[in-house]
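What follows is each chain in one-letter form.
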Amino acid sequence: MDNIIYLTERNRVVEEHLHCIDTVIRQNWSLLQAARLERDDVYQQLAIRLIRCVDTYDPAKGDLKKRIYAQLKYELLNCKEVRRLTGITGAPKDFRRGKVISLDAIREDSELYRDYLAA
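A short tour of the structure in this document, coming up.

## Thoughts on the pattern of salt bridges
At step 1: Summed over all chains, the structure comprises five salt bridges.
At step 2: The shortest N-O distance in the salt bridge between Arg-12 and Glu-16 comes to 2.3 Å. Here Glu-16 and Arg-12 lie together in helix H1 (residues 2-16), a separation of four residues that amounts to about one turn.
At step 3: According to the relative accessible area criterion, Arg-12 is partly exposed, its value standing at 38%.
At step 4: Among the salt bridges present, the one from Arg-39 reaches Asp-22, with a minimum N-O distance of 2.9 Å. Of this pair, Arg-39 sits in helix H4 (residues 39-55) while Asp-22 sits in helix H2 (residues 18-27), and the two are 17 residues apart along the sequence.
At step 5: You can call Arg-39 partly exposed: its relative accessible area is 32%.
At step 6: Here the salt bridges do not stand alone but share partners, grouping Glu-9, Arg-12 and Glu-16 into one network.

This is how it looks when you write it as structure tokens:
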């Protein structure tokens, strides 16, 4: 029963602070455009961070709203990481979108496959 009460309270606090996500996106819109990030994808990442922030909040460490904004801004900088852009968790640091090739488009004996390995 305590868990249900906690989740209800947490969800209420998260809903009250959803406007913070829009504020951070609006303040950093040029960064999103320069990094070619989709607004909806960034919004989802920031919403997850907001939930985690509310979950781990300790009132003894300061104001909740300041913590939320700090966490959202930090998460925004992480949104442009390759693993977030592509969904590939084991991607090397120099991995870029241009190197992604559909598995249906290549066969091991094709020239496209050899070019991909050479890149």
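## A word on helix H5 (residues 64-78)
At step 1: Helix length check: H5 (15 residues) gives 21 Å between terminal C-alpha atoms against 21 Å at 1.5 Å per residue, within 8%.
At step 2: Regarding H5, the residues found buried are Leu-64, Ile-68, Tyr-69, Leu-72, Glu-75, Leu-76 and Asn-78.

## As for the nonpolar core
At step 1: Of all hydrophobic cores here, the largest spans 20 residues; its most connected members are Ile-21, Val-42, Leu-46, Leu-50, Ile-68 and Leu-72.
At step 2: Of all the secondary-structure elements, those providing two or more residues to this core are H1, H2, H4 and H5.
At step 3: Not counting chain neighbours up to four residues away, the residues in contact with Ile-21 comprise Tyr-43, Leu-46, Ala-47, Leu-50 and Leu-72.

## Structural notes on the environment of Ala-70
At step 1: Following the sequence through the fold, Ala-70 ends up in helix H5.
At step 2: Judged by relative accessible area, Ala-70 falls into the partly exposed class, the value being 46%.
At step 3: Along the chain, Ala-70 and Cys-53 lie 17 residues apart, while their C-alpha atoms are 9.8 Å from each other.

## Notes on the state of the cysteines
At step 1: Scanning all chains against the criterion turns up zero disulfides.
At step 2: Unpaired in this structure, Cys-20 has its nearest cysteine sulfur neighbour in Cys-53, at a distance of 9.3 Å.
At step 3: Residue classification places Cys-20 among the buried residues on the basis of a relative accessible area of 0%.
At step 4: Cys-53 gets classed as buried once you look at its relative accessible area, which sits at 2%.

Rules and cut-offs
Residues numbered from 1 in each chain as written. Predicted model: local features only at pLDDT ≥ 70, side-chain atom pairs only at ≥ 80, totals over all residues. Heavy atoms only, no water. Salt bridge = Lys/Arg side-chain N within 4 Å of Asp/Glu carboxyl O. Helix = DSSP H or I, 4+ residues; strand = E, 2+ residues; numbered from the N terminus. Buried < 20%, exposed > 50% of the residue type's maximum accessible area, 1.4 Å probe, protein only. Expected span 1.5 Å × (residues − 1). Core = buried A, V, L, I, M, F, W, Y, C linked by side-chain atoms within 4.5 Å. Contact = heavy atoms within 4.5 Å. Disulfide = S-S within 2.5 Å.

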